[in-house]
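# Coordinate inspection notes
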Amino acid sequence: MSAPKKLFIKTYGCQMNVYDSERMAETLGAQGYVATDRADDADMILLNTCHIREKAAEKVYSELGRLKPLKAANPDLKIGVAGCVAQAEGAEIMRRQPAVDLVVGPQSYHRLGQMEAEVRAGRSALDTDFPAEDKFDHLAARPKAARAPAAFLTVQEGCDKFCAFCVVPYTRGAEVSRPVNRILDEARDLVERGVREITLLGQNVNAYHGEGPAGRDYSLAALIWALAEIDGLERIRFTTSHPNDMTDDLLEAHANCAKLMPYLHLPVQSGSDYILKRMNRSHTAESYLRVIDRIRAARPDIVLSGDFIVGFPEETEAHFQATLDLIEEVKYGYAYSFKYSTRPGTPAAERGQIDPAAADDRLQRIQALITRHQQQIQTDMVGCEVRVLVEKPGRLPGQMVGKSEYLHAVHIDGGQAKVGDIVPVRIVQAKANSLAGRPI
Ligand code: SAH
Ligand code: SF4
Ligand code: F3S
């Protein structure tokens, strides 16, 4: 018998890509591939790519340049590009880097098996369709192997919002929600394999509206309540949400569903109504702040996180100041800020760009403010009792690492906690990127 073929996948971008990489590995697993964590050991390399900013997309080409010489050492090596760069650039990738054998867009992964056979037969394979069928219904069945305690589960694909800066509606296609029963089956299967926390994924996950039993439409809140019935599933999270889709039933779930964790990622992008309008965000700073009020009324201890873009076309110092004011008002536990990056094919790409030095300066200022709040919120945790889902051993002997309900990374020193346990912990110290705790 010949040795099994080895697969190396490198994942860029968002959590949806992390989930997809897992499903692709399982699909190729059904074709006899085993995973390797070394590119130079692989018979198939897949880059699962991100197109959100120029830097992310360019990284892919430099990585491909680095991988190309491996083909001289292993003539059987095949190189594939999946994900959002694959969707956006298609055959152009093979023109720019002829070492690439396969290009597959995010909605075509169920065709990966066939495509693999094509490239093994010495042909190249390209598929960037948006097929009508749901890729997840056609992917290989998930193997029964034990799993780490926290898992992602994509419940919705695509996006219909068309923010003026963003490639996602073009790379991922229209917004589609997966049916409730499929999600419940997948969640039960994950729990049987050791998962205790599931993060539901979608680019606009709070707009989820999947077909439920008896043809009833389920909101995200209804889906969360259905998942909460699964014994052994202890924690539910969801990301990413849009401010306009924070419905009353979702706020009610945050107030009353014990398994729904007190953490919410709710990007706003800017605090200036003019810029928000030019971004096609369809909300104002004020309407966003009122949503935050409602969330905090429902769940007072909730930790909020957000995304910001600085240097969007036409952004003035006054617009930027409005963003800083909004951050000052909300005080995010985490926030991610990005310098605007022109993306080909998006409406904002046609507009005049602001001075790059001003954008750099704003990025530094926004990050300093965000870091200050982040550290304050971490420091305020000292003395508090949290519950930590233990994910892995820490670097020091006897130390374990996991996440609190607020998604803070916590190092636990002492105690008998095992991976998968949820343990009560007293926070004793706030470090730069994590908290230290003692078992109670
Ligand atoms: N669906 C999510 C965001 C997906 S992209 C949402 O609507 O919140 C993640 C983040 O990348 C965005 O929130 C935005 O802050 C940032 N981003 C998207 N396009 C960008 C661009 N062209 N330049 C800089 N940042 C961008
Ligand atoms: Fe992009 Fe806007 Fe859709 Fe988020 S909501 S994925 S930022 S278009
Ligand atoms: Fe990037 Fe595509 Fe996700 S562009 S952020 S990998 S949806």
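Residues numbered from 1 in each chain as written. Chains lettered and ligands numbered in written order. Predicted model: local features only at pLDDT ≥ 70, side-chain atom pairs only at ≥ 80, totals over all residues. Heavy atoms only, no water.

An unreviewed UniProt entry annotates the protein chain as tRNA-2-methylthio-N(6)-dimethylallyladenosine synthase originating from Sulfitobacter sabulilitoris. What UniProt records for the protein chain under Subunit (unreviewed entry) is the sentence "Monomer." Under the UniProt heading Subcellular location (unreviewed entry), the note attached to the protein chain is "Cytoplasm". (UniProt positions renumbered as here; feature names shortened; annotations may be inferred.)

### A short note on the domain arrangement of the protein chain
For the protein chain, the domain assignment lists domain 1 (5-127), domain 2 (139-380) and domain 3 (385-439). Placing the centre of domain 1 and that of domain 3 at their C-alpha centroids yields a distance of 36 Å. (Domains from an automatic or database assignment.)

### Overview of the environment of G398
For G398, the location among the structural elements is in the loop between strand 17 (385-393) and strand 18 (399-403). Taking the C-alpha atoms as reference, G398 lies 8.0 Å from G415; in sequence the two are 17 residues apart. Not counting residues within four places of it along the chain, the set of residues in contact with G398 comprises I412 and G414. (Helix = DSSP H or I, 4+ residues; strand = E, 2+ residues; numbered from the N terminus. Contact = heavy atoms within 4.5 Å.)

### Let's talk about the UniProt feature "binding site: [4Fe-4S] cluster 2" (unreviewed entry) in the protein chain
What UniProt calls "binding site: [4Fe-4S] cluster 2" (unreviewed entry) maps, in this numbering, to C159, C163 and C166. Following the sequence through the fold, C159 ends up in the loop between strand 8 (156-157) and helix 8 (168-171). Overall, C159 belongs to the buried group, its relative accessible area being 9%. Not counting residues within four places of it along the chain, the set of residues in contact with C159 comprises V168, P169, G173, A174, E175, Q203 and N204. Along the chain, C166 falls in the loop between strand 8 and helix 8. Beyond its immediate stretch of four places on either side in the chain, C166 contacts I52 and T346. (Buried < 20%, exposed > 50% of the residue type's maximum accessible area, 1.4 Å probe, protein only.)

### Observations regarding the sheet that holds strand 14 (residues 263-265)
Spatially, 14-15-16 is the arrangement adopted by the 3 strands of the open sheet, whose pairing is parallel. Across the chains shown, the open sheet's two edge strands, defined by having one partner strand only, are strand 14 and strand 16 (334-339). Direction aside, the axes of adjacent strands within the sheet are offset by 10° on average. Against the sheet, helix 15 (residues 356-380) touches strand 15 (303-310) and strand 16, its axis set at about 175° to strand 16. (Pairing = 2+ DSSP bridges. Axes fitted to C-alpha atoms, helices over the stretch in contact; angles between N-to-C directions.)

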